[in-house]
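# Observations on the model geometry
In case you want the letters, here they are:
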Amino acid sequence: MAELAALRARAYLDQCARVKSHEPRANDAIRESLELADLFLRELDDASTEKRYALDDGDPFEDARVRVRAALADKAALLEKYALDLGPGIGREDQMSIKESL
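Residues numbered from 1 in each chain as written. Predicted model: local features only at pLDDT ≥ 70, side-chain atom pairs only at ≥ 80, totals over all residues. Heavy atoms only, no water.

## Re the overall build of the protein
Within the protein, the secondary structure is distributed over four helices and zero strands. From first element to last, N terminus to C terminus, the protein shows the α and β order α-α-α-α. Taken over C-alpha atoms, the radius of gyration comes to 17 Å for the protein, far larger than the 13 Å a tight globule of 102 residues would show. Across its three principal axes, the protein shows a C-alpha extent of roughly 55 × 25 × 15 Å. In the protein, which comprises 102 residues, the share counted as buried stands at 31%. Contacts in the protein between residues far apart in sequence, at least 24 positions, make up 72% of those at least 6 positions apart. A total accessible area of about 7000 Å² is found for the protein, and carbon and sulfur atoms account for 53% of it. Mean positive and mean negative side-chain charge positions of the protein (16 and 22 charges, respectively) differ by 7 Å. (Helix = DSSP H or I, 4+ residues; strand = E, 2+ residues; numbered from the N terminus. Rg over C-alpha atoms; globule rule 2.2 N^0.38 Å. Buried < 20%, exposed > 50% of the residue type's maximum accessible area, 1.4 Å probe, protein only. Contact = heavy atoms within 4.5 Å. Areas by Shrake-Rupley, 256 points an atom, 1.4 Å probe, with all protein chains shown as cover. Lys, Arg positive; Asp, Glu negative; His and termini not counted. Charge placed at Lys NZ, Arg CZ, Asp CG, Glu CD.)

Next comes the structure, spelled out in structure tokens:
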């Protein structure tokens, strides 16, 4: 899902360049997507260390994969909406890239 969020962020940024405008809430969604990916990667790293050294989980994160995936899907949907709201729509190339990623 991180790939989809990144693809939607790129389409949004391309649209910003085309119409010479931006949506601050979309910029927040991009930042939050990066934070979500970082949070999940840190959880994977911690889980690997705990497993390797047979440590107790000092910071449990239940259903991390499912929760982060759902949050990233929400951010990707927001980015698509904001890109469409900026103007006449995203280009055909970006539309096809989004369809291919689904």
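## Notes on a negative patch on the surface
Negative charge collects at one region of the surface, where Asp45, Asp46, Asp56, Asp57, Asp59, Glu62 and Asp63 lie side by side. Summarising the element assignment, Asp45 is placed in helix H2 (residues 24-52). On the accessibility criterion, Asp45 (48% relative accessible area) is partly exposed. (Patch = residues over 30% accessible without salt bridge, like charges linked within 9 Å, V, L, I, M, F, W, Y side chains within 5 Å. Salt bridge = Lys/Arg side-chain N within 4 Å of Asp/Glu carboxyl O.)

## Focus: the pattern of salt bridges
Opposite charge on two side chains permits pairing when their charged atoms draw close. For the structure shown, the criterion picks out nine salt bridges. In this structure, the salt-bridge partner of Glu23 is Arg25, at a minimum N-O distance of 2.8 Å. By relative accessible area, Glu23 is classed as buried at 18%. Close ionic contact of Asp28 with Arg31 constitutes a salt bridge, the shortest N to O distance being 3.7 Å. One end of the pair is Asp28 and the other is Arg31, both in helix H2 and three residues apart, which spans about a single turn.

## What to know about unusual backbone geometry
Positive phi is not limited to glycine here, since Lys20 has a value of about 55°. Assignment of secondary structure puts Lys20 in the loop between helix H1 (2-19) and H2. Phi is positive for Asp63, which is not a glycine, with a value near 50°. With respect to the secondary-structure elements, Asp63 resides in the loop between H2 and helix H3 (64-85). Overall, the relative accessible area of 55% leaves Asp63 in the exposed class.

Worth remembering: the numbers are spatial, not functional.
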